[in-house]
Amino acid sequence: MTKPITVSTNDFVPDTESGKYIATFLAADIGFNGTRFFRVCKFLKNVSGTYKNVILSYEISSSGDLMIYSDEPIAGRLLLETDS
């Protein structure tokens, strides 16, 4: 199952400890029934109306929340995939 999520620059908040920006998506909002067995397929960054695939670091907590790390706040489309 694949799930697209629209991401706004407002989703990213600065993290003073790492110096990065972090966007957190709660398991309940992702909708994979709280499973942590999913992956980020793509992050398509919106650059003036053109979408470009970028590689970002991410982490999935034991509760199924997703945290994406970036050097700057970005907007675009996030594609998540699970096998369940």
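Residues numbered from 1 in each chain as written. Predicted model: local features only at pLDDT ≥ 70, side-chain atom pairs only at ≥ 80, totals over all residues. Heavy atoms only, no water.

Overview of unusual backbone geometry
Then comes step 1: One non-glycine residue, Ser48, adopts positive backbone phi at about 55°.
Then comes step 2: We classify Ser48 as exposed; its relative accessible area is 79%. (Buried < 20%, exposed > 50% of the residue type's maximum accessible area, 1.4 Å probe, protein only.)

Some thoughts on the nonpolar core
Then comes step 1: Membership of the largest hydrophobic core comes to 15 residues, with the highest contact counts inside it found for Phe25, Ile30, Leu66, Leu78 and Leu80.
Then comes step 2: Those elements giving two or more residues to this core turn out to be strand E1 (2-7), strand E3 (21-25), strand E4 (38-47), strand E7 (66-70) and strand E8 (76-82).
Then comes step 3: Among the elements that line this core, the one with the most residues is E4, at 3 residues.
Then comes step 4: For Leu80, the contacting residues outside a window of four places in its chain are Met1, Thr2, Lys3, Ile5, Ile30, Phe32, Phe38, Arg39, Val40, Cys41 and Leu66. (Core = buried A, V, L, I, M, F, W, Y, C linked by side-chain atoms within 4.5 Å. Helix = DSSP H or I, 4+ residues; strand = E, 2+ residues; numbered from the N terminus. Contact = heavy atoms within 4.5 Å.)

A closer look at the environment of Asp29
Then comes step 1: Structurally, Asp29 is set in helix H1 (residues 27-30).
Then comes step 2: Taking C-alpha positions, Asp29 is 8.9 Å from Asp65, a pair spaced 36 residues apart along the chain.

Quick notes on the pairing of E8
On a regular strand, each side chain points to the face opposite its neighbour's, so the side chains alternate between the two faces of the sheet.
Then comes step 1: Where E1 lies against E8, 6 bridges are found, and the strand directions are antiparallel. Residue pairing in the sheet places Thr6 in a bridge with Arg77 of E8. (Pairing = 2+ DSSP bridges.)

Some thoughts on the side chain of Ser70
Then comes step 1: Following the sequence through the fold, Ser70 ends up in strand E7.
Then comes step 2: Residue Ser70 is classed as buried on the basis of its relative accessible area, which comes to 5%.
Then comes step 3: For Ser70, the side chain forms a polar contact with the main-chain oxygen of Glu72, separated by 2.6 Å.
Then comes step 4: Residue contacts for Ser70: discarding those within four places in its chain leaves Phe12, Lys20, Tyr21 and Leu56. (Polar contact = N/O pair within 3.5 Å; in protein donor to acceptor, adjacent residues only side chain to side chain.)

Quick notes on the sheet that holds E4
Then comes step 1: Within the open sheet, the 4 strands sit side by side as E1-E8-E4-E5. Their pairing is antiparallel. Every interior strand has two partners, whereas the edge strands, E1 and strand E5 (50-54), have only one. Across the sheet, the axes of successive neighbouring strands diverge by a mean angle of 25°, strand direction being ignored. (Axes fitted to C-alpha atoms, helices over the stretch in contact; angles between N-to-C directions.)

A closer look at the pattern of salt bridges
Then comes step 1: Scanning the model with the defined rule gives 3 salt bridges in all.
Then comes step 2: One salt bridge connects Glu72 with Lys45, and the closest N-O pair in it is separated by 3.0 Å. Remark: Lys45 occurs in strand E4 and Glu72 occurs in the loop between E7 and E8; sequence separation between them is 27 residues.
Then comes step 3: Residue class for Lys45 comes out partly exposed when judged on its relative accessible area of 22%. (Salt bridge = Lys/Arg side-chain N within 4 Å of Asp/Glu carboxyl O.)

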